[in-house]
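Residues per chain are reported as follows:
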Amino acid sequence: MGVPKGPMRVPLELGAKLMCRWRGEEYKSCEIIERKQKSLPDGTTDPSGEWEYYVHYEGLNRRLDEWVGLERFDLGSVNDDGKVTRNSTNKRKHEHEEHEEEGELDL
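Just so we're clear, the structure is a prediction, and the values are computed from it rather than from any experiment.

Conventions we followed
- Residues numbered from 1 in each chain as written.
- Predicted model: local features only at pLDDT ≥ 70, side-chain atom pairs only at ≥ 80, totals over all residues.
- Heavy atoms only, no water.
- Helix = DSSP H or I, 4+ residues; strand = E, 2+ residues; numbered from the N terminus.
- Buried < 20%, exposed > 50% of the residue type's maximum accessible area, 1.4 Å probe, protein only.
- Areas by Shrake-Rupley, 256 points an atom, 1.4 Å probe, with all protein chains shown as cover.
- Salt bridge = Lys/Arg side-chain N within 4 Å of Asp/Glu carboxyl O.
- Pairing = 2+ DSSP bridges.

(A) Region of interest: the overall build of the chain. Assigned secondary structure in the chain consists of one helix and five strands. In sequence order, the chain lays out its α and β elements as β-β-β-β-β-α. In the chain, which comprises 107 residues, the share counted as buried stands at 22%. Carbon and sulfur atoms make up 48% of the accessible area of the chain, which amounts to about 8000 Å² in all.

Spelled out as structure tokens, the structure:
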């Protein structure tokens with residue numbers, strides 16, 4: 001097995017929490033629980049040096065955990081201390097959904 005050609009890519013950290021595109025255009029908060037370098041069909045390491053990440057979507061059943069590529073992440077959604085940040089539109093939508101749920105419980 002040879003040394004990968006091209007720039008070496010630094011993988012995202014295990015335990016990092018960020019937003020990931022899930023089933024279409026919807027983004028969900030997730031945690032990276034495992035990572036591996038992409039491999040070719042013959043089992044050798046992909047020379048691109050890219051990584052795949054096994055993520056758990058917060059609030060969803062673990063059977064929905066999946067392997068995703070870097071292109072699915074919103075890399076702007078994680079800050080220096082590893083906490084997810086949401087843009088104001090997603091935050092307002094999330095807060096609205098929480099209030100609706102609380103209202104349903106009061107019935």
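(B) Spotlight on unusual backbone geometry. The phi torsion at Arg 23 lies on the positive side, around 50°, for a residue other than glycine. Following the sequence through the fold, Arg 23 ends up in the loop between strand S1 (17-22) and strand S2 (26-37). Since its relative accessible area comes to 62%, Arg 23 is described here as exposed.

(C) Inspection of the pattern of salt bridges at higher detail. With the rule as written, the count across this model stands at five salt bridges. Linking Lys 28 and Glu 26 is a salt bridge whose minimum nitrogen-to-oxygen distance equals 3.1 Å. As a salt-bridge pair, Arg 72 and Glu 66 come within 2.8 Å of each other at their nearest N and O atoms. Relative accessible area serves as the criterion here: at 24%, Glu 66 is assigned to the partly exposed category.

(D) Representation of the pairing of strand S3 (residues 51-57) within the structure. When you tally the buried positions in S3, you get five out of seven residues, the bulk of the element. In this structure, S2 lies alongside S3, joined through seven bridges in antiparallel fashion. Counterpart to Lys 36 in the pairing with S3 is Glu 52. Relative to strand S4 (residues 66-69), S3 is paired through four bridges, and the arrangement is antiparallel. From the neighbouring strand, Tyr 54 faces S4, where its bridge partner is Trp 67.

(E) Up close: the sheet that holds strand S5 (residues 73-74). Across the sheet, five strands lie side by side as S4-S3-S2-S1-S5; this open sheet has antiparallel pairing. The sheet is open, and its two borders are formed by S4 and S5, each paired with just one other strand.

(F) Spotlight on the environment of Gln 37. One can find Gln 37 in strand S2. Once the C-alpha coordinates of Gln 37 and Tyr 53 are considered, the two residues, 16 residues apart in sequence, prove to be 8.7 Å apart.

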